[in-house]
Amino acid sequence: MKNEYPAVSDQRSAISRSPLVADGWLPMTASQVNPTSSLQHPASSTTLALTAGDPCGIGPEVILKALAARAIPPHVRLIVIGDHTVFASTAKRLRRPLPAWRVLPAREALSATLSEGFTFLDCGHPQVFRPGSSSMEAGKASLAYLSQAVALWRARRLHAMVTAPVTKWAVALTHPAFVGQTEYFASAMRVRDVAMMFVSEPLRVVLLTRHLPLQHVAHAITRPLIRTTLRLTSRILRERFHIRRPRLALCGLNPHAGEASQCGHEEARIMTPLLRALRKEGLICEGPFAADGFFAQMLHPAQGSQPTGRGSREYDAVVCAYHDQGLIPFKMVARDRGCQLTVGLPIIRTSPDHGTALDIAGRGAAHPGSMIYALQLAARLARGASAFR
């Protein structure tokens, strides 16, 4: 199997090169794309699509548990996209009834009148999907759910979408160019620049690089990437979280943030000069900080200490160089009360901050907390409500 991660210096090239349209993944033409999503919807309801993710993973389970916990606000019209047989068998294992949703064949999605409440769009795959055993067919199904959500977006029928996790290697068995759902939506929606923000009440983390092997990270940390990510972060905090003057912190790439170039040059050569230039433009961003000390101060502030500019609560978001640098402290703080928000798309898109968890799929042990958070955050941001700081 081919490596699913692109060896690129800038992740934007993974999006621009991705043949999602050319090889028939998405039935789209340029005239169908709606880059501004300017349709005015009734203020009384918000339409949200929820894709099931890998049918062999924990996606169906956490969706059913989240809906049973009444995670959906009353103003939301929910469209679940998946295979109904998978949800029926999952509900049977969990010994709970299916939600009172209207089931429609997925082929009728664009012609049917969607009622208030819950609708299930059944993609009707004939395969039997076994929990914990993903496959090429499961990867195809996962991609079909995403394609259906994009079709609804293009038809201007959605305010937001929430996506359960997919198994990347299963999708890559038939579509080796697939990197992840974030890149998939960016290509489908003709967006060049996107970023992953992880949101919880005490902490927001944004990643400069996403699912990129560590051996490629240093080469990927460029001035354009940092500049674009900081600007995207500042903009979404202003426009969606209603923070007038967002304060950002940037963590360094190297141990001790390079330690005066004794432990790496990226901080001195790239990050510090760029931050100085961006501050002159009015963007508020400090750093680069040594990530270990920064997050240690956040988790265990010194007793009686005064604010030092190094605690994340003094910032509206923390931008981290690579995946584990940001996700380890985020998950320690957020646990099951946080999710991922894709920054830069023309629609609100959230997802749980965990994977398909094939090792526990089918056991009924999956915690729905992150899915609940993703649903509630998507509904709130799409409605334009002021999000917490």
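Anything mentioned here points back to the structure above.
Only a predicted model underlies this, so the values are computations on that prediction, with no experimental measurement involved.

Caption draft 1: Seen up close, the pattern of salt bridges. Enumeration over the complete set of coordinates arrives at five salt bridges. A salt bridge links Glu61 to Lys65; its shortest N-O distance comes to 2.7 Å. Within this pair, Glu61 and its partner Lys65 are both found in helix 2 (residues 59–68), separated by four residues, close to a single helical turn. Across the pair, Lys65 and Glu61 agree in class, each one buried. Salt-bridge contacts for Glu137 lead to Lys140; the nearest nitrogen and oxygen are separated by 3.7 Å. Placement of the pair is Glu137 and Lys140 together in helix 4 (residues 136–154), with a separation of three residues, close to one helical turn. Classification of Glu137 as partly exposed rests on a relative accessible area of 28%.

Caption draft 2: Layout of a nonpolar patch on the surface. Together, Met136, Trp169 and Leu173 make up an exposed nonpolar region whose accessible area comes to about 250 Å². Here Met136 shows up in helix 4.

Caption draft 3: Up close: helix 8 (residues 223–239). Taking 1.5 Å per residue, 17 residues should reach 24 Å; helix 8 reaches 24 Å between its end C-alpha atoms and fits that length. Residues of helix 8 that are buried: Leu225, Ile226, Thr228, Thr229, Leu230, Leu232, Thr233, Ser234, Ile236 and Leu237.

Caption draft 4: Broad picture of the sheet that holds strand 12 (residues 348–352). Taking strand neighbours across the sheet as the criterion, the 12 strands line up as 3-4-2-1-5-12-11-6-7-10-8-9 in an open arrangement whose pairing is mixed. Strands with a single pairing partner mark the edges of an open sheet, and in this sheet they are strand 3 (102–105) and strand 9 (284–289). Here the strands of the sheet are splayed against their neighbours by 25 degrees on average, with no regard to which way each runs. As defined by bridge partners, strand 2 (residues 76–82) adjoins strand 4 (residues 118–122) across five bridges and the pair is classed as parallel.

Caption draft 5: Expanded view of the pairing of strand 2. With respect to burial, strand 2 is a largely interior element, seven of its seven residues being buried. Of the two faces of strand 2, the one carrying Val76, Leu78, Val80 and Gly82 and the one carrying Arg77, Ile79 and Ile81 are both buried. Direction of pairing for strand 1 (residues 46–51) relative to strand 2: parallel, over a ladder of six bridges. Looking across to strand 2, one finds that Leu48 is bridged to Leu78. The parallel pair strand 1 and strand 2 is bridged by helix 2, and the resulting crossover is right-handed.

Caption draft 6: Seen up close, the packing of aromatic side chains. As enumerated under the stated definition, the model contains 10 aromatic pairs in all. Each ring, one from Phe289 and one from Phe294, has its centre 5.3 Å from the other, and the planes form 25 degrees; the classification is stacked. Take Phe294: its relative accessible area is 1%, and that puts it in the buried class. The interplanar angle of 85 degrees and the centroid separation of 5.3 Å between the aromatic rings of Phe294 and Phe295 together place this pair among those described as edge-to-face. What makes Phe295 buried here is its relative accessible area of 5%. Ring-pair connections join several aromatic residues into one group, and the members of that group are Phe289, Phe294, Phe295 and Tyr315.

Parameters at a glance
Residues numbered from 1 in each chain as written. Predicted model: local features only at pLDDT ≥ 70, side-chain atom pairs only at ≥ 80, totals over all residues. Heavy atoms only, no water. Salt bridge = Lys/Arg side-chain N within 4 Å of Asp/Glu carboxyl O. Helix = DSSP H or I, 4+ residues; strand = E, 2+ residues; numbered from the N terminus. Buried < 20%, exposed > 50% of the residue type's maximum accessible area, 1.4 Å probe, protein only. Patch = residues over 30% accessible without salt bridge, like charges linked within 9 Å, V, L, I, M, F, W, Y side chains within 5 Å. Areas by Shrake-Rupley, 256 points an atom, 1.4 Å probe, with all protein chains shown as cover. Expected span 1.5 Å × (residues − 1). Pairing = 2+ DSSP bridges. Axes fitted to C-alpha atoms, helices over the stretch in contact; angles between N-to-C directions. Right-handed = clockwise from strand over helix to strand, strands pointing away. Phe/Tyr/Trp six-rings, centres within 6.5 Å; stacked < 30°, edge-to-face > 60°.

Geometric descriptors of this kind do not, in isolation, establish any biological role.
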